[in-house]
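These are the residues of each chain, in order.
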Amino acid sequence: DTEVTQTPKHLVMGMTNKKSLKCEQHMGHRAMYWYKQKAKKPPELMFVYSYEKLSINESVPSRFSPECPNSSLLNLHLHALQPEDSALYLCASSPLTTDTQYFGPGTRLTVL
Amino acid sequence: GQQVMQIPQYQHVQEGEDFTTYCNSSTTLSNIQWYKQRPGGHPVFLIQLVKSGEVKKQKRLTFQFGEAKKNSSLHITATQTTDVGTYFCAGQSPVDYKLSFGAGTTVTVRA
C-alpha cells in the first residue's frame, strides 16, 4: 500500500458541531502531518507527529485537536470552528521527518 | 523564520513553448521538494533535490538546486495541456525539518 487515505472527502459542519477528520497510511512511515490549504494558497503546516508523539504545533487554535492513536492513524478533532476555518485539510506522511512527504487527497471542509 | 519565495505566480504558456519557475530561500536548505497540484486535487510529489548543484530530469521536466542550497528552478520544455496545474517548491529546514512552501506557480496552457 503506497498511499495516504483521508476520510471524509467532504464535510459540512455548523459552528457548534464536533467532527473528526481521519488519515491513514500503511507505508510504515513514522512521521505524519496535518496541513491546511486555502484556495489558491500553498499548504500551511499545522501539526507534526513523529513516532506517535506531537513534535510541532504551529500555534494552531485549540478548536483543532490532533490525535495519533497508532503509527498508521492520524485524527484531527474539530470543535466550535469558525467559517474562516473552511479549507482543504491535507494529511501527509514520510518515513522520518527528514524525508519526502506524501500527501493524501484531503478533506474539503465547509463551516457554516 | 525560513521563507521560500516563488516566481512567477502565474504562467500562461502557448502549447509547445518552454517555461521556468524559480524558488529562492532566505536560509540554506536541507533539501528542496517539488509538488504539482492539479485543479481540485492535492499536492503530488515530483522530486527531491538534496545535493548542492544537483540537476535531475524527468522527461520534459528539469529540476536544479543551487550551489548554495538556497535556490531552485523547474524548467518544462514543450509544454503540453497535461502540464496544467500549480507547481509548488517546498524547502526543508536543516534545523527542524519543517517544509516551507513557496506560493506556487499556476500554469495555464493555450492550445
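Below is a short write-up of the structure. (Residues numbered from 1 in each chain as written. Chains lettered and ligands numbered in written order. Predicted model: local features only at pLDDT ≥ 70, side-chain atom pairs only at ≥ 80, totals over all residues. Heavy atoms only, no water.)

### With respect to the pairing of strand β8 (residues 73-79) of chain A
Residue and element names in this part refer to chain A. For the record, the criterion: Per-residue accessibility, obtained with a 1.4 Å probe over protein chains only, is compared with the maximum for each type, and a residue is labelled buried under 20%, exposed over 50%, and partly exposed between these values. Under the scheme used here, helices are H or I runs from DSSP no shorter than 4 residues and strands are E runs no shorter than 2 residues, and both carry numbers assigned from the N terminus. Any two strands are treated as partners once DSSP identifies two or more bridges connecting them.
Within β8, 5 of the 7 residues are buried, which leaves the element mostly enclosed by the surrounding structure. In this sheet, β8 lies alongside strand β3 (residues 18-25) in antiparallel orientation, the contact comprising 7 bridges. From the neighbouring strand, leucine 21 faces β8, where its bridge partner is leucine 76. Count of turn residues in the strand β7 (residues 64-70)/β8 antiparallel hairpin: 2 residues.

### So, the packing of aromatic side chains
To keep it simple, the criterion reads: A pair of aromatic rings is counted whenever rings of Phe, Tyr or Trp (Trp by its six-membered ring) have centres within 6.5 Å, and the orientation is called stacked for planes under 30 degrees apart, edge-to-face for over 60 and tilted otherwise.
Here the structure, examined in full by the defined rule, presents 12 aromatic pairs over all chains. Aromatic pair tyrosine 33 of chain A and tyrosine 35 of chain A: ring centres 6.3 Å apart, planes at 35 degrees, arrangement tilted. Looking at tyrosine 35 of chain A, the relative accessible area reads 0%, which means it is buried. Ring geometry for tyrosine 35 of chain B and phenylalanine 45 of chain B: centres 5.9 Å apart, planes at 70 degrees, overall edge-to-face.

### Brief notes about the pattern of salt bridges
Under the convention used in this document: A pairing counts as a salt bridge when a side-chain nitrogen of Lys or Arg comes within 4 Å of a carboxyl oxygen of Asp or Glu.
Enumeration over the complete set of coordinates arrives at 7 salt bridges over all chains. For arginine 63 of chain A, the salt bridge goes to aspartate 85 of chain A, with nearest N and O atoms at 2.7 Å. Of this pair, arginine 63 of chain A sits in the loop between β6 (53-57) and β7 while aspartate 85 of chain A sits in the loop between β8 and β9 (87-94), and the two are 22 residues apart along the sequence. Judged by relative accessible area, which is 24%, arginine 63 of chain A ranks as partly exposed. A relative accessible area of 3% means that aspartate 85 of chain A is categorised as buried. Taken together, the shared-partner salt bridges connect Glu58 of chain A together with Asp96 and Lys98 of chain B into one network.

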